[in-house]
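Each chain, letter by letter, is given below.
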Amino acid sequence: MSMTGIAPLATTSTDAVGDMTRSGAPHGRSGDLADAPASHARQAARPRAHLLDHPLDPPLDQPLARPRRWRALASPVVFDRWAARVVPWFAGAAALLGAAGLWIGFVVAPTDHQQGEVYRLIYLHVPAAWMSMFLYLVAALHAALGLIYRTRLSPVMARALVPTGAVFTAIALWTGAAWGKPTWGTWWVWDARLTSELLLLFLYLGYLALVSAIDDVRRADRAGALLLLVGVVNVPVIYFSVKWWNTLHQGASIRFDAAPSMASSMLAGMLLMALACWAYAIAVSLARARCLLRERHLEALP
Amino acid sequence: MAHRERGDLDGRAATDAPDAPDAPRRALRVERLGCARGGRWLFRDLSFELHAGQALALRGPNGSGKSSLLRQLAGLLPREHGVVEGAAPADLAYLAHQNGLSLDLSARENLALATRIGGRDLSPAALEAALEEVGLRQAAATPARRLSQGQRRRLALARVRASARPLWLLDEPTAALDGDGEQVFARLLTAHLEAGGLAVVATHQALALPLPRCIALTLGPASSRPDPGIAPAPAASPMEFAP
Amino acid sequence: MLALLHRDLLLAARRPADALGPLVFFALVACLFPLAIGPDPALLAVLGPGVIWVAALLAMLLSQYRLFEADLADGSLEQAVLAPGGALAVVAAKTLTHWLSTGAPLVVAAPLLALQYDLAPTATGVLALALLIGTPALSLLGAFGAALTLGLRGHVLLALIVLPLCVPTLIFGSGATTAAQQGLAAGPQLSLLGAALLVSLVTLPWATAAALRLAVE
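Note that this is a predicted model, so its numbers are computed, not measured.

It is worth spelling out the overall build of chain B at this point. Of regular secondary structure, chain B possesses five helices and 10 strands. Residues counted as buried form 53% of the 243 residues belonging to chain B. Of the contacts made within chain B by residues no fewer than 6 positions apart, 72% connect residues no fewer than 24 positions apart. With the model as given, the accessible surface of chain B reaches about 10500 Å², and the carbon-plus-sulfur share is 51%.

This paragraph deals with unusual backbone geometry. Here B:Ala164, not a glycine, exhibits a phi torsion of approximately 55°, which is positive. Relative to the helices and strands, B:Ala164 resides in the loop between helix 4 (149-163) and strand 8 (167-171). With relative accessibility at 39%, the residue B:Ala164 sits in the partly exposed group. One non-glycine residue, C:Asp118, lies in positive phi territory at about 60°.

The subject of this paragraph is the interface of chain C and chain A. Facing 21 residues of chain C, the contacting portion of chain A comprises 18 residues. Together, the buried faces of chain C and chain A total about 1600 Å²; carbon and sulfur atoms form 80% of this surface. Of all residues in chain C, C:Leu148, C:Pro164 and C:Leu214 give up the largest surface area on contact with chain A, accounting jointly for 32% of the area buried on that side. Between chain C and chain A we count one salt bridge in total. A salt bridge links C:Glu217 to A:Arg218, with the nearest nitrogen and oxygen atoms 2.9 Å apart. Between chain C and chain A we count three residue pairs in polar contact (both at pLDDT 80 or more) in total. Within the residue set of the side of chain C that touches chain A, elements represented by two or more residues are helix 7 (121-148), helix 8 (156-181) and helix 9 (187-216) of chain C. With eight residues, the single largest contributor to the side of chain C that touches chain A is helix 8 of chain C.

Residue and element names in this part refer to chain B. Confidence in the prediction of chain B, expressed as mean pLDDT, is 78, and 77% of residues score 70 or more. Here residues 12-22 is a poorly scored stretch, pLDDT under 50, and it has three contacts once near neighbours within four places are set aside; other chains count. Here residues 222-243 is a poorly scored stretch, pLDDT under 50, and it has 32 contacts once near neighbours within four places are set aside; other chains count. The complex model carries a pTM of 0.82, and its ipTM stands at 0.90.

All names here are of chain B. Strand order across the open sheet formed by five strands is 6-8-9-4-10, with parallel pairing between neighbours. Every interior strand has two partners, whereas the edge strands, strand 6 (92-95) and strand 10 (214-218), have only one. This sheet shows a mean twist of 15° between the axes of neighbouring strands, independent of strand direction. Strands in contact with helix 4 are strand 6 and strand 8; relative to strand 6, the strand with the most contacts, it is inclined by about 175°. Those strands touched by helix 5 (residues 179-194) are strand 4 (55-59), strand 8 and strand 9 (198-202), and its axis lies near 145° from that of strand 9.

Residue and element names in this part refer to chain A. Tallied over the full model, the rule gives three aromatic pairs over all chains. Relative to Trp-82, the ring of Phe-79 has its centre 6.1 Å away and its plane inclined at 45°; by these criteria the two rings are tilted. Of the two residues, Phe-79 and Trp-82 both sit in helix 3 (residues 76-108), three residues apart, roughly one turn of that helix. Trp-82 gets classed as partly exposed once you look at its relative accessible area, which sits at 26%.

This next bit is on a nonpolar patch on the surface. Residue and element names in this part refer to chain C. Residues Leu-32, Phe-33, Leu-35, Ile-37, Leu-43, Val-46 and Leu-47 make up a contiguous nonpolar surface patch of about 610 Å² in total accessible area. At the level of secondary structure, the elements contributing two or more residues to the nonpolar patch comprise helix 2 (16-37) and helix 3 (41-62). Along the chain, the position of Leu-47 falls in helix 3.

This next bit is on the pairing of strand 8 of chain B. Residues and elements named next belong to chain B. Most of strand 8 sits out of view: five of its five residues are buried. Across the two faces of strand 8 the burial is the same, with Leu-167, Leu-169 and Asp-171 and Trp-168 and Leu-170 all buried. As paired strands, strand 6 and strand 8 are joined by four bridges and run parallel to one another. Bridge pairing in strand 8 links Tyr-94 to Leu-169.

Residues and elements named next belong to chain B. An order of 3-2-5 is seen for the three strands of this open sheet, with the pairing classed as antiparallel. The open sheet is flanked by strand 3 (40-51) and strand 5 (81-85), the only strands paired with a single partner. Taking the axes of each pair of neighbouring strands and ignoring which way they run, one obtains an average angle of 15° across the sheet. Note: strand 2 (residues 27-37) against strand 5, four bridges, orientation antiparallel. Counted as the bridge partner of Val-30 is Val-84 from strand 5.

Basis of the calculations
- Residues numbered from 1 in each chain as written.
- Chains lettered and ligands numbered in written order.
- Predicted model: local features only at pLDDT ≥ 70, side-chain atom pairs only at ≥ 80, totals over all residues.
- Heavy atoms only, no water.
- Helix = DSSP H or I, 4+ residues; strand = E, 2+ residues; numbered from the N terminus.
- Buried < 20%, exposed > 50% of the residue type's maximum accessible area, 1.4 Å probe, protein only.
- Contact = heavy atoms within 4.5 Å.
- Areas by Shrake-Rupley, 256 points an atom, 1.4 Å probe, with all protein chains shown as cover.
- Buried area = accessible area lost by both parts, 1.4 Å probe.
- Salt bridge = Lys/Arg side-chain N within 4 Å of Asp/Glu carboxyl O.
- Polar contact = N/O pair within 3.5 Å; in protein donor to acceptor, adjacent residues only side chain to side chain.
- pLDDT = per-residue confidence, 0-100.
- Pairing = 2+ DSSP bridges.
- Axes fitted to C-alpha atoms, helices over the stretch in contact; angles between N-to-C directions.
- Phe/Tyr/Trp six-rings, centres within 6.5 Å; stacked < 30°, edge-to-face > 60°.
- Patch = residues over 30% accessible without salt bridge, like charges linked within 9 Å, V, L, I, M, F, W, Y side chains within 5 Å.

And the structure:
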């Protein structure tokens with residue numbers, strides 16, 4: 001049975017902030033993204049529980065059951081609170097681990113008999129290179145999750161990770177050049193590993209350029225996600241390039257299937273620095289994600 | 001691949017029996033559809049149902065979401081909130097603000113290629129008939145670039161007509177049309193509805209058509225709505241549906 | 001999809017200047033390098049393959065922004081996306097048309113330009129073959145960039161995001177030609193080039209279709 005025609009509409013007034021749009025005789029409702037989906041009477045009464053409250057999220061009053069804990073992080077509000085608690089710990093860990101790693105690397109570890117003191121750049125170069133690849137993979141994973149499951153938080157996480165990844169890539173390239181000059185005699189050489197690491201930097205920058213050029217947030221998120229996913233093929237190329245091509249760059253020093261070929265104190269220093277970089281990346285990305293969420297929420301209000 | 005029928009304008013293939021069995025009763029059902037653009041809801045929880053032979057007239061001021069609703073029904077905008085049934089891509093013909101014509105091709109070429117892209121292969125006679133119906137027979141060989149805006153709109157209407165799809169989604173179909181063009185449109189729409197088709201038409205003006213059944217739907221801010229006690233369209237227009 | 005291809009080819013035929021532009025650009029850039037570097041034949045023979053490849057890459061890339069723009073402006077792009085083939089058929093038709101109108105002429109013109117650089121006949125043959133394999137990959141990559149940046153101001157963004165992705169094709173293609181120029185076997189590089197083309201072929205059309213649907217919203 002079809003709907004009747006011109007029936008007068010139930011008027012829903014809105015608060016001062018909301019945009020007033022309504023649908024017609026076939027019934028519908030108006031509201032802006034910040035309003036609760038409840039009826040109008042409750043709408044005015046319910047206080048906003050959090051700055052990032054969104055009507056489509058589950059209500060926050062009941063505690064989260066343990067099995068649902070991780071998936072609940074997909075909600076911006078829950079994520080924001082969790083990140084606010086967690087970031088200081090990771091920041092502190094990064095500082096401590098970094099201090100310990102640098103101390104071991106620059107003070108405790110012995111001098112390399114071939115390369116002298118300059119080899120100590122390894123403590124920054126190798127963890128930075130690892131992080132540059134790892135962060136790209138994590139960002140690509142979030143991009144895929146955002147595209148497939150349309151979670152609201154995934155594109156935000158991808159956007160938060162990319163600048164940090166770009167910074168690590170730049171550090172890896174810079175320290176690599178500083179190390180290469182005394183060791184190989186040249187600042188730069190166009191072998192497979194260096195070239196693909198440079199490409200990784202351009203991929204990061206391309207992503208940042210693309211998402212900042214698109215005004216519509218949704219389109220920017222998804223277009224950036226597509227770009228990240230298409231570029232992810234570059235990461236295995238970087239990683240395996242020293243094995244596939246004869247390059248000037250040395251082979252992998254740390255492998256999972258053989259004993260490492262360096263002194264244990266050097267290894268300890270490098271691992272500590274790797275953990276420090278990882279903790280730093282987490283702290284910075286989460287903090288950036290919180291900022292991005294606030295930006296988006298503010299832009300969403302008319 | 002789409003099933004191609006080479007035949008006449010109304011979609012009857014040459015091999016069909018003269019009186020084909022009744023087409024299935026089509027319906028468009030929309031349930032709690034919502035559209036958010038740029039962080040604002042344009043409309044929410046919109047529900048309606050449209051049956052064969054009915055037209056839905058979308059009214060509302062600029063920016064009220066008429067075009068967005070049509071694009072959601074067409075599938076160009078994502079339908080993230082709500083359910084739409086009966087608007088499969090193969091069932092609809094969409095006329096946007098733009099005409100969808102390649103300016104470098106002639107009117108005839110545009111029509112032929114557009115219908116072929118949509119999966120129908122029209123015979124030359126059917127093409128000529130389609131152009132004749134909208135009054136473009138003289139201009140059939142003119143590049144679309146040299147047609148006037150009204151002529152381009154007529155060509156776009158011819159494309160919609162020739163697609164032989166049951167659901168028409170039309171966004172301001174009479175824009176740039178002269179009085180004669182509006183009559184052409186009225187004829188096309190009436191014929192379509194009488195043949196059992198459905199139509200959702202976004203329009204600023206009242207369509208003066210002697211239609212038996214039509215629904216009006218108004219989108220837009222509360223402040224600009226007319227007093228609900230007064231009929232929102234002139235009483236002379238029989239397009240409005242009285243319960 | 002054939003109907004889409006028919007229409008795109010017809011449109012390309014109606015505007016021959018669009019196809020000639022990249023070709024002339026290609027020839028111009030390839031002529032600029034000897035003027036800038038100097039006429040030393042040995043140097044030119046060494047640089048030739050790389051220069052020709054970079055010129056081909058730029059010629060294909062700089063014309064890609066137009067791929068979807070005109071159809072977006074007149075509304076035929078969204079009609080094509082609504083057609084039975086969907087965005088994927090649109091991408092396939094447009095990419096194929098672009099390669100036929102822009103890439104294939106480059107493949108034909110490249111041996112003529114190779115004469116300028118005094119490349120050996122085997123090297124010229126390998127150059128043509130490598131361009132034959134590489135230009136479709138460049139078309140696919142350019143279409144991806146064009147769909148991502150459709151409707152945005154400024155055309156440099158397209159080149160910015162696509163050039164890093166084009167680098168493997170460039171390296172393998174140019175490397176194959178250089179190897180042939182030096183008398184080495186070009187087979188390995190050519191097969192890597194073919195691999196790059198295959199990877200592009202199985203991933204990019206779907207990504208481009210998704211980007212196109214985003215742009216049409």
